Every structure is written in structure tokens, then in C-alpha cells.
Amino acid sequence: MLDEATKKRIDTEVTENDVLLFMKGTPVFPQCGFSAVVVQVLSHLGVKFKGVNVLEDPDIREGIKDYSSWPTIPQLYVKGEFVGGCDIIREMFETGELAEMFQTRGIDAKHPVA
Amino acid sequence: MAMDAGEIERLIKESMPDAVVTIEDLRGDGDHYACHVISSAFAGKNRVQQHQLVYQSLKGRMGTELHALALQTSAPD
């Protein structure tokens, strides 16, 4: 269950960081294939983001799943809103929706030449 | 920890009876599947909501018994 303290910590993180990725490992050393895919997509679009390594924080690792009612990691948040996990981010990237979403929310992102 | 493809399909169809489910075992270890689900239950829902419906139908097994499920969802055309 998501206790109040963890919820507050998550709230703060997602509101203070425009683009936030709850992941296994760090952006430089992702420790899970799915987390690595999202890191690659964000780097490819040139989007600045903060990584939260859930492997170092068991409360966040479990709490984030209740917070977004999403059972897996990674989880991407943009301006406080849950956007998706690996599958959704990859699908949005391939259709160009991801770059568009960043731009409409005022976040610098290169528009990749598909 | 692993699940068998038939079990995944059964659970999804239990909560979405009209679902067309195609499952591929990516690594043959019963723990990494790709799954495409087509159901009218997805109509009018965004991707996050569609995937959440599938996760709910798996009744807590996603991320526990089942490690990885590369999911694609769509409503029937």
C-alpha cells in the first residue's frame, strides 16, 4: 500500500521535475532492458530528464505502482502526469506522438527524422 | 516465476469476453511474452487505460508471477 510519506515524496518528485523516469538503474547504467529502451528514446529526442533508481528505494519501487495503478517499472511522468511504461513510450515514439506531446507541453525535444 | 500463455489468454478473456488475444513467448521461459489484445472494451480509452484493463484482468500477476508482457492493445476497427 502507498503510505502518506511515500506519496508525498512521489508528488514532490513528479511536480518538481518536468520529465521524470522511475527506472531500474540510472540513465547512464540502466539495469533493465525496458528501462534502457525508454532512456534511449528520451536521449534520441534530446529530452532532459531525471532518473529515479527504484532499485535503491524499495518504498518508491512499490509505492509508485499504487500511485499510478501501473504494475511495472519503468514509468515516465511529464509535468506531473503519468505517460506510460516501455511499450507505450516506444509506440508513441514510433508514431511521432511522443515528440509532439513534448512540444505541446513546452518541453524541448528534437523532432527526429523518421 | 512463470505463467503459461493459455492462462494469460483465459484471464484476459474472463474479463473481456470478446477479446482477440495473440500471445508470443519471446524467450521460451514463460516469463517474457508479447501480447496483442483487440477488444471493444478499449473503445474510447487512451493507451494507459487500455493497458490498465489488461493488467487488471491478470489480477495482480503482472509484475509478480509475470515478469514481462510487451503489450499492444486496440479496439476493433
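Structure's up top.
Overview of the structure.

Rules behind the numbers
Residues numbered from 1 in each chain as written. Chains lettered and ligands numbered in written order. Predicted model: local features only at pLDDT ≥ 70, side-chain atom pairs only at ≥ 80, totals over all residues. Heavy atoms only, no water. Helix = DSSP H or I, 4+ residues; strand = E, 2+ residues; numbered from the N terminus. Buried < 20%, exposed > 50% of the residue type's maximum accessible area, 1.4 Å probe, protein only. Salt bridge = Lys/Arg side-chain N within 4 Å of Asp/Glu carboxyl O. Contact = heavy atoms within 4.5 Å. Buried area = accessible area lost by both parts, 1.4 Å probe. Arc of directions from axis to C-beta.

1. What to know about unusual backbone geometry
Trans peptide bonds make up the majority, and among non-glycine residues the majority have a negative phi.
Residues and elements named next belong to chain A.
Then step 1. A cis amide bond links Ile73 with the next residue in sequence, Pro74, at an omega value of 10°.
Then step 2. Mapped onto the secondary structure, Pro74 falls in the loop between α3 (58-67) and β3 (75-78).
Then step 3. Look at Ser69: it is not a glycine, yet its phi comes out positive at around 40°.
Then step 4. With respect to the helices and strands, the residue Ser69 is situated in the loop between α3 and β3.
Then step 5. Here Ser69 falls in the partly exposed class, since its relative accessible area comes to 48%.

2. Section: the pattern of salt bridges
Then step 1. Summed over the entire model, instances satisfying the criterion amount to 13 salt bridges over all chains.
Then step 2. Across the salt bridge formed by Arg9 of chain A and Asp57 of chain A, the nearest N and O atoms sit 2.2 Å from each other. Taken as a pair, Arg9 of chain A in helix α1 (residues 4-16) and Asp57 of chain A in the loop between β2 (50-53) and α3 lie far apart in primary sequence, 48 residues in all.
Then step 3. Between Lys50 of chain A and Glu13 of chain A there is a salt bridge whose closest N-O contact spans 3.0 Å. Here Glu13 of chain A lies in helix α1 and Lys50 of chain A lies in strand β2, a separation of 37 residues in the sequence.
Then step 4. Taking the relative accessible area as the measure of exposure, Lys50 of chain A reaches 34% and is therefore partly exposed.
Then step 5. One salt-bridge network, held together by shared partners, links Glu7, Arg10, Glu14 and Lys59 of chain B.

3. So, the interface of chain B and chain A
Then step 1. Contact with chain B, which involves 13 residues of that partner, is made by 16 residues of chain A.
Then step 2. Of the roughly 1200 Å² buried between chain B and chain A, counting both surfaces, carbon and sulfur atoms make up 58%.
Then step 3. Across the chain B-chain A interface, the total number found is two salt bridges.
Then step 4. Glu91 of chain A is the salt-bridge partner of Arg47 of chain B, the closest N and O atoms lying 3.0 Å from each other.

4. Regarding helix α5 (residues 97-104) of chain A
Each α-helix winds once per 3.6 residues, and so residues spaced three or four apart point in a common direction.
All names here are of chain A.
Then step 1. Buried residues of α5: Leu98, Ala99, Met101 and Phe102, and no others. For α5, the buried positions fall inside an angular range of 160° around the axis, keeping them on one side.
Then step 2. The inward-facing, buried residues of α5 abut β1 (19-23), α2 (33-44), β3, β4 (81-84) and α4 (86-95).
Then step 3. Following α5 by one or two positions, Gly106 has its phi on the positive side, about 70°.

5. Let's talk about the side chain of Thr72 of chain A
Then step 1. Along the polypeptide, Thr72 of chain A turns up in the loop between α3 and β3.
Then step 2. Residues in contact with Thr72 of chain A, not counting those within four places in the same chain, are Lys65 of chain A together with Tyr55, Met62 and Gly63 of chain B.

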